[in-house]
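Given next are the chains, with one letter for each unit.
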Amino acid sequence: MVKIKSLTILLLVLIVGTCSVLYLFPSEEKKIKKQFALLSQWASKDQEENIFALVERGKRIVTLFDENCGLKVPPYSIDGRYTREEIAAYAARARSQFSRLNLEFYDLNISFPEEGLARVSLTGRLTGESPGKENVNEIRELQCVLKKIEGKWLFSEFEMVEVLKK
Amino acid sequence: MAGNHKVRKFFFPSFTGKFLIRVSIVALSAYLFFGRICVPIRIQGFSMEPTYRNGGVNFCWRLGYTFAQPKRYDVVAVGLAGRKVMLLKRVIAVEGESVEFREGKLFVDGQGIDEPYVRYPCTWNLSPRRVDPGCVYVVGDNRNMPIENHYFGQTPIRRIMGVPLW
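As the structure is a computational prediction, the values presented were derived from the model and not from experiment. (Residues numbered from 1 in each chain as written. Chains lettered and ligands numbered in written order. Predicted model: local features only at pLDDT ≥ 70, side-chain atom pairs only at ≥ 80, totals over all residues. Heavy atoms only, no water.)

Student: For unusual backbone geometry, give the residues involved together with the corresponding values.
Tutor: Residues and elements named next belong to chain B. Cis geometry marks the peptide bond from Glu49 to Pro50; its omega dihedral reads 0°. With respect to the helices and strands, Pro50 occurs in the loop between strand E1 (38–42) and strand E2 (57–61). Its identity as a non-glycine residue notwithstanding, Tyr73 has a phi of 80°, on the positive side. Looking at where Tyr73 falls in the secondary structure, it is placed in the loop between E2 and strand E3 (75–79). For Tyr73, a relative accessible area of 38% translates into the label partly exposed. Positive phi is not limited to glycine here, since Asp109 has a value of about 55°. Considering the arrangement of structural elements, one finds Asp109 in the loop between strand E6 (105–108) and strand E7 (111–112). (Helix = DSSP H or I, 4+ residues; strand = E, 2+ residues; numbered from the N terminus. Buried < 20%, exposed > 50% of the residue type's maximum accessible area, 1.4 Å probe, protein only.)

Below, the structure is given as structure tokens:
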């Protein structure tokens, strides 16, 4: 009886200890997934926002990006590097086009080709509704590069993979 | 009495070693079958209407092209970065063929192709383009939108994940 009690307490301590370690010291993959979760959360909106809220969200979104972020979207011939201010402006403009917007990421495959650099291949899904009640449902495969700067993983490059080539 | 005992034993089995082994085998088989071979899917989006409606459920049969190649009129699941999200599209041309749209009508190698599954009006115009080796050309059935708003094109056969079960 005493043995079972001791074993149960030991097991509970082990479980609590393991959970605490995992929570307080997350792996690099978890940190990167957290960045994508934040981007998804801050980019999404479920109701109309005033201009101040739009700008505020835009400011939050750019904290996830490197000083200079590369963007490559072959189907639309977009290929360039953008500063944080430009990204904030584009994000605010893009979000203002929708009355409701949801950005989700799936199937994150993370690799670390070198120290402080992460490559992520993932699927991005954008759903939303324009003020004119037009539905949007876009799914694309993306390749991202993140750099670890001052302990934080920041988006450095985004590339849209051409899965279906017209 | 004996019948009652059997029914009781069926719904309230004894947790013997044999029972646990049987449960483990069933659980593992179900995981492998429904996780890797016959994957349940939920259709989200309107690009394959009316053939497959938004919100519908189906299964993706992953073994559909184990011993065969996709051919015209096949509905296929196109993989993106992983297995959680796929595109559901119809094959309209295979490698080497040229694809063209004239006022919404499909032409393959200069010949008009009947498409009884396209129920909504379509006014697309797309200049002829040849399907690369190892690729198929896929399009959704719902073409009642500007051609720029529909995600379609050629994709490598290796991206074809399977076929819907019905």
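Further notes follow.
Student: Before we move on, could you go through the sheet that holds strand E2 (residues 78–83) of chain A and cite the residues and values that matter?
Tutor: Residue and element names in this part refer to chain A. The strand order across the open sheet built from six strands is E2-E1-E6-E5-E4-E3, with neighbouring strands paired in mixed fashion. The strands lining the two open edges of the sheet, one partner per strand, are E2 and strand E3 (100–114). On average, each strand axis in the sheet is inclined to that of its neighbour by 20°, with strand direction left out of account. Sheet analysis places strand E1 (residues 65–73) next to strand E6 (residues 152–161), joined by four bridges and oriented parallel. Bridge pairing links Lys72 to Glu159 in E6. In the packing of helix H4 (residues 84–96) onto the sheet, the strands contacted are E1, E2, E3 and E6, and the crossing angle to E2 comes to about 115°. (Pairing = 2+ DSSP bridges. Axes fitted to C-alpha atoms, helices over the stretch in contact; angles between N-to-C directions. Contact = heavy atoms within 4.5 Å.)

Student: I'd love a proper account of the environment of Leu106 of chain B, names of residues and values included.
Tutor: All names here are of chain B. Within the fold, Leu106 resides in strand E6. C-alpha of Leu106 to C-alpha of Leu87: the two residues are 19 residues apart in sequence and 21 Å apart in space. Beyond its immediate chain neighbours, meaning those up to four positions away, Leu106 contacts Ile92, Val99, Glu100, Phe101, Gln111, Gly112, Ile113 and Glu115.

Student: Break down the packing of aromatic side chains for me, citing the residues and quoting the values.
Tutor: Counted according to the given criterion, the structure contains 17 aromatic pairs over all chains. Each ring, one from Tyr82 of chain A and one from Tyr90 of chain A, has its centre 5.6 Å from the other, and the planes form 80°; the classification is edge-to-face. With a relative accessible area of 19%, Tyr82 of chain A lands in the buried category. Measuring from ring centre to ring centre gives 6.4 Å for Phe101 of chain B and Phe152 of chain B, while their planes differ by 80°; the resulting arrangement is edge-to-face. Residue Phe101 of chain B is found in strand E5 (residues 98–102), and its partner Phe152 of chain B is found in the loop between strand E9 (135–139) and strand E10 (153–156); the two are separated by 51 residues along the sequence. Note on Phe101 of chain B: relative accessible area 1%, which makes it buried. An aromatic cluster of three or more residues is present, and its members are Phe36, Phe65, Phe105, Phe155 and Phe158 of chain A. When the ring centre of Phe107 of chain B is taken as origin, the NZ or CZ atom of Arg102 of chain B, which lies over that ring, is 3.8 Å away. (Phe/Tyr/Trp six-rings, centres within 6.5 Å; stacked < 30°, edge-to-face > 60°. Lys NZ or Arg CZ within 6 Å of the ring centre and 35° of its normal.)

Student: Got a sec to walk through the sheet that holds E9 of chain B? Specific residues and values, please.
Tutor: Residues and elements named next belong to chain B. Within the open sheet, the seven strands sit side by side as E1-E2-E11-E3-E4-E9-E10. Their pairing is antiparallel. Of all the strands in the sheet, just E1 and E10 have a single pairing partner and so form its edges. Within this sheet the neighbouring strands show an average axis-to-axis angle of 45°, counted without direction. Across four bridges, the pairing between strand E4 (residues 86–94) and E9 is antiparallel. Bridge pairing links Arg90 to Val139 in E9. Along the sheet face, helix H2 (residues 17–37) touches E1 and E2 and points at about 60° away from the line of E1.

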